Amino acid sequence: MDKILVLDFGGQYDQLIARRVRAEHVYAEIKPYSAIGAEGIAAAGYKGIIFTGGPNSVYADGAPRVDPAVLKLGIPVLGICYGHQLLAFTEGGNIAPAEGGSEYGKTELYIDDCALFRDVPQESVCWMSHTDQVKLLPPGFRAIARTKNCACAAMANDVRRLYGVQFHPEVTHTEYGTQILRNFIFEICGCRADWVMDDFIESTVARYRAELAGKKVLLALSGGVDSSVAAVLLHRAIGGDLYCVFVDHGLLRKNEGDYVEQTLGGKLGLNIIRVNAKDRFLTRLKGVNEPERKRKIIGEEFIRVFEDEAKKLGRLDLLAQGTIYPDVIESGKGDSAVIKSHHNVGGLPQIMAFEGIVEPLRELFKDEVREVGEKLGIPRELVRRQPFPGPGLAVRVIGEITEAKLELLREADAIFREELDFGLLNAGTDPLQSCAQYFAVLTDTKTVGVMGDARTYGYTLALRAVKTDDFMTAEWARLPYEILERASSRITNEIKGITRVVYDITSKPPATVEWE
């Protein structure tokens, strides 16, 4: 099986690069730049190497560097953003702050003929995000692309098959980014498209069947797509040695607890242990307003609940979670910046009563998780259901959490999802094809309203719907006004305590998908 090495220098999009490669049915493997040297790369038989972006300046003391011997292996290399600058720096080029200022966002790109740009128009749009740039090309390289403020937006040494691009071909905002990556993978590296998701399932099941032999595993089942798929995957590997603890923390959506228990326990035969811990969580969250504190509290309380259940069940060796890679990236990894902590990553307490953590989906994106779930035979309505954050509605209630606020949000969220599903399905559209995620947020803002002849004073509810295929970037969904009108009308008429409904039209970046 041919494979590409994604050498991570601390960029936010490193896993997205690997996802783009895997979308072409070529296996991609991510390793930190400090974890593997030239000898290890050569021995592993990689067909190509991609240097990721990163937050540093290559000329700064302590900046991540690459062993120059890597560039002498004869393996094709593509440097992206920081990786582009690092490639130039290592080969003797000069990197300096951009004279015209940093470039950020969609930028006009002009290219020259090159194997990397085969079937790419001479003029297109790319996504830039940089402050430094290549000022002097290293010997043997030529500039193959430019923008208004960047004379070397891409470079090539065709003889040695070394290439660098200042922009990000892996994000959807780069019009021909997929084609550029495809050219590198197939035309330059000569890879075969011989990796499919079935390989991931088979290798993962085989790995955990061997590694977890004789071990008893407690799985943190949140009820979302990720933990559900992780549960079925591990159940296939270790069967009855998997104990799925489903914590009903009082922060679930309407009727969610019963649905999860009936589907995974009743239909798929998993060993489900449902724990009613609503009072425990709400007590810990009382008076807490700050989002990161909420996440940390919920993460720690989850683990404490699992520890308590483990004591009741007897010897349990490991904790399993449905962590996926966007969680890891946003919680900070290696040289990456922390965007927000996830309860199953950054929120874990330092001391746990388990030997370790099992995260079978840690290297996958949401769309890949859904594909795995379908191949495992999980009902489509569960696999394709709406993503739901581990902290639940706690991060969709802005400010202090109370049972009264949660009840308002549950009802409003159910109405919005019902109206959106009905409206799009009635128009012949799969909701998940139009919107990757859609939900309601109860803000901490109250406004005046009027019902009949009486003055009212209640909460403002925000509706959120986004389009994305990777959750690293997302655009707000242009929903039909009729759907928004019906949802708003029903919410304000049927739910006492909500007087105003607004629609969030912010993309990611600058916002995140969730409000907290």
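Fair warning: this is a prediction, and the values are worked out from it, not measured in the lab. (Residues numbered from 1 in each chain as written. Predicted model: local features only at pLDDT ≥ 70, side-chain atom pairs only at ≥ 80, totals over all residues. Heavy atoms only, no water.)

(A) The arrangement of the sheet that holds strand S16 (residues 356–358) in detail. The five strands are arranged S14-S13-S12-S15-S16 in an open sheet whose pairing can be described as parallel. If you trace the sheet from one side to the other, it starts and ends with strand S14 (272–276) and S16, each paired once. Across the sheet, the mean angle separating the axes of adjacent strands is 30 degrees when strand polarity is ignored. Sheet strands touched by helix H6 (residues 225–238): strand S12 (217–221), strand S13 (242–248), strand S15 (318–320) and S16. Its angle to S12, the strand with the most contacts, is close to 160 degrees. Sheet contacts for helix H7 (residues 256–267): S12, S13 and S14; angle to S14, the most-contacted strand, approximately 165 degrees. (Pairing = 2+ DSSP bridges. Helix = DSSP H or I, 4+ residues; strand = E, 2+ residues; numbered from the N terminus. Axes fitted to C-alpha atoms, helices over the stretch in contact; angles between N-to-C directions. Contact = heavy atoms within 4.5 Å.)

(B) Up close: the pattern of salt bridges. Under the criterion given, the structure shown has 37 salt bridges. Salt-bridge contacts for Glu187 lead to Arg118; the nearest nitrogen and oxygen are separated by 2.9 Å. Of this pair, Glu187 sits in helix H4 (residues 177–188) while Arg118 sits in the loop between strand S6 (103–111) and strand S7 (123–130); the two residues are 69 residues apart in sequence, bridging distant segments of the chain. Assessed through its relative accessible area of 47%, Glu187 is described here as partly exposed. Here the salt bridges share partners, and the residues they tie into one network are Glu418, Glu419, Arg486, Arg490 and Glu494. (Salt bridge = Lys/Arg side-chain N within 4 Å of Asp/Glu carboxyl O. Buried < 20%, exposed > 50% of the residue type's maximum accessible area, 1.4 Å probe, protein only.)

(C) Highlighting empty space enclosed by the protein. One pass over the structure, following the stated rule, counts two cavities of 30 Å³ or more. Each pocket or cavity is described by its volume, and for the second largest cavity that value is around 30 Å³. In terms of lining, the second largest cavity is formed by Ser222, Val247, His249, Leu252, Phe302, Phe388, Pro389, Gly390 and Gly392. Tallied by class, residues from the lining of the second largest cavity come to five nonpolar, four polar and no charged. (1 Å grid on protein atoms, 1.4 Å probe; cavity = no way out; pocket = protein on both sides within 12 Å on 5 of 7 lines; lining within 4 Å. Points joined across faces, edges and corners; volume = space filled by probe spheres on them. Nonpolar A, V, L, I, M, F, W, Y, C, P; charged D, E, K, R; others polar.)

(D) Region of interest: the sheet that holds strand S10 (residues 154–157). Pairing is mixed across the open sheet formed by nine strands, whose spatial order is S2-S1-S3-S4-S11-S10-S9-S6-S7. In the strand order of this sheet, the two ends are held by strand S2 (27–32) and S7, each with one partner. The mean inter-strand angle of the sheet, taken between neighbouring strand axes irrespective of direction, is 25 degrees. As paired strands, S6 and S7 are joined by eight bridges and run antiparallel to one another.

(E) Quick peek at unusual backbone geometry. Lys508 connects to Pro509 through a cis peptide bond whose omega is -10 degrees. Turning to its location among the elements, Pro509 is positioned in the segment after strand S20 (498–503). With an omega dihedral of 15 degrees, the bond running from Pro509 to Pro510 counts as a cis peptide bond. Mapped onto the elements, Pro510 comes out in the segment after S20. Here the phi dihedral of His25 falls at roughly 65 degrees; this positive angle occurs in a residue that is not glycine. With respect to the element layout, His25 can be found in the loop between helix H1 (14–23) and S2. If you check the backbone angles, Arg161 has positive phi at about 60 degrees while not being a glycine. As for its position among the elements, Arg161 is in the loop between S10 and strand S11 (162–165).

(F) Just the environment of Asp198, in detail. Along the polypeptide, Asp198 turns up in helix H5 (residues 197–211). On the basis of relative accessible area, Asp198 is assigned to the partly exposed category, the value being 34%. As a C-alpha pair, Asp198 and Lys375 span 177 residues in sequence and 7.7 Å in three-dimensional space.

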